[in-house]
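An overview of the molecular structure
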Amino acid sequence: MPMYSDIIKELRRDRKITQKQMGARLGIAQSTYCDYENGVRHMPLAMLSLLADELGTSTDYILGRTDVEEPY
């Protein structure tokens, strides 16, 4: 099962969004977002929800609980 850090990296790249752009969309520093993607820092639940909205998916998809990328 892939880790959420791998999944958010893949989703971001598929959407052609840079880490800097994603950080700006989420209201965090690029370095903080980079830490989430690299698994260095754990993501707060509130941030997980915001990220799912920004990427157009569900939190369950990011967490690897479903293979369905589309949000509910």
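Residues numbered from 1 in each chain as written. Predicted model: local features only at pLDDT ≥ 70, side-chain atom pairs only at ≥ 80, totals over all residues. Heavy atoms only, no water.

**Topic: the overall build of the protein chain**
Formally: Helix and strand labels come from DSSP, where a helix needs a run of H or I of at least four residues and a strand needs a run of E of at least two; each type is numbered from the N terminus. Atoms counted for the radius of gyration: C-alpha only. Globule rule: 2.2 Å times the number of residues to the power 0.38. Between buried and exposed lies partly exposed: a residue is buried under 20% and exposed over 50% of the maximum accessible area for its type, with that area taken using a 1.4 Å probe on protein chains only. Throughout, the Shrake-Rupley method with a 1.4 Å probe supplies accessible areas, and for residues the shown protein chains are the sole cover considered. The charged-residue count follows a simple rule in which Lys and Arg add positive charge and Asp and Glu add negative charge, with His and chain termini not counted at all. Where a charge lies is defined by one atom per residue type: Lys uses NZ, Arg uses CZ, Asp uses CG and Glu uses CD.
Helices and strands together make up the secondary structure of the protein chain, namely five helices and zero strands. What you see for the protein chain is a C-alpha radius of gyration of 11 Å, in line with the 11 Å of a compact globule of 72 residues. With respect to the three principal axes, the spread of C-alpha positions in the protein chain is 30 × 20 × 20 Å. A buried classification covers 38% of the 72 residues belonging to the protein chain. Of the roughly 4600 Å² of accessible surface on the protein chain, a fraction of 51% belongs to carbon and sulfur atoms. Each charge class in the protein chain can be summarised by its mean position, and for the 9 positive and 11 negative side chains these summaries are 8 Å apart.

**Here's the deal with helix α1 (residues 4–14)**
Heads up, the condition is: Taken from the helix axis, the directions to the C-beta atoms give the arc we talk about. The criterion used for residue contact is that any of the two residues' heavy atoms lie within 4.5 Å.
Among all positions in α1, only Tyr4, Ser5, Ile7, Ile8, Leu11 and Arg12 are buried. The buried residues of α1 occupy an angular sector of 160° when the element is viewed end-on, so they sit on one face. Against the buried residues of α1 lie α2 (19–26), α3 (30–37), α4 (45–55) and α5 (59–62). Of the residues trailing α1, Lys16 is marked for its positive phi of about 55°.

**With respect to the environment of Ile28**
Along the chain, the position of Ile28 falls in the loop between α2 and α3. Spatially, the C-alpha atoms of Ile28 and Met47 are 9.7 Å apart, while their sequence positions differ by 19 residues. Look past the residues within four positions of Ile28 in its chain and what remains in contact with it is Gly23, Tyr33, Tyr36 and Met47.

**Here's the deal with α2**
Along α2, the residues classified as buried are Gln19, Met22, Gly23 and Leu26. End-on, the buried residues of α2 take up no more than an arc of 100°, which puts them together on one face. Residues of α2 that are exposed and point more than 90 degrees away from the buried face comprise Lys20 and Ala24. Residues of α2 that are buried make contact with α1, α3 and α4. Two residues or fewer past α2, Gly27 is found with a positive phi of approximately 75°.

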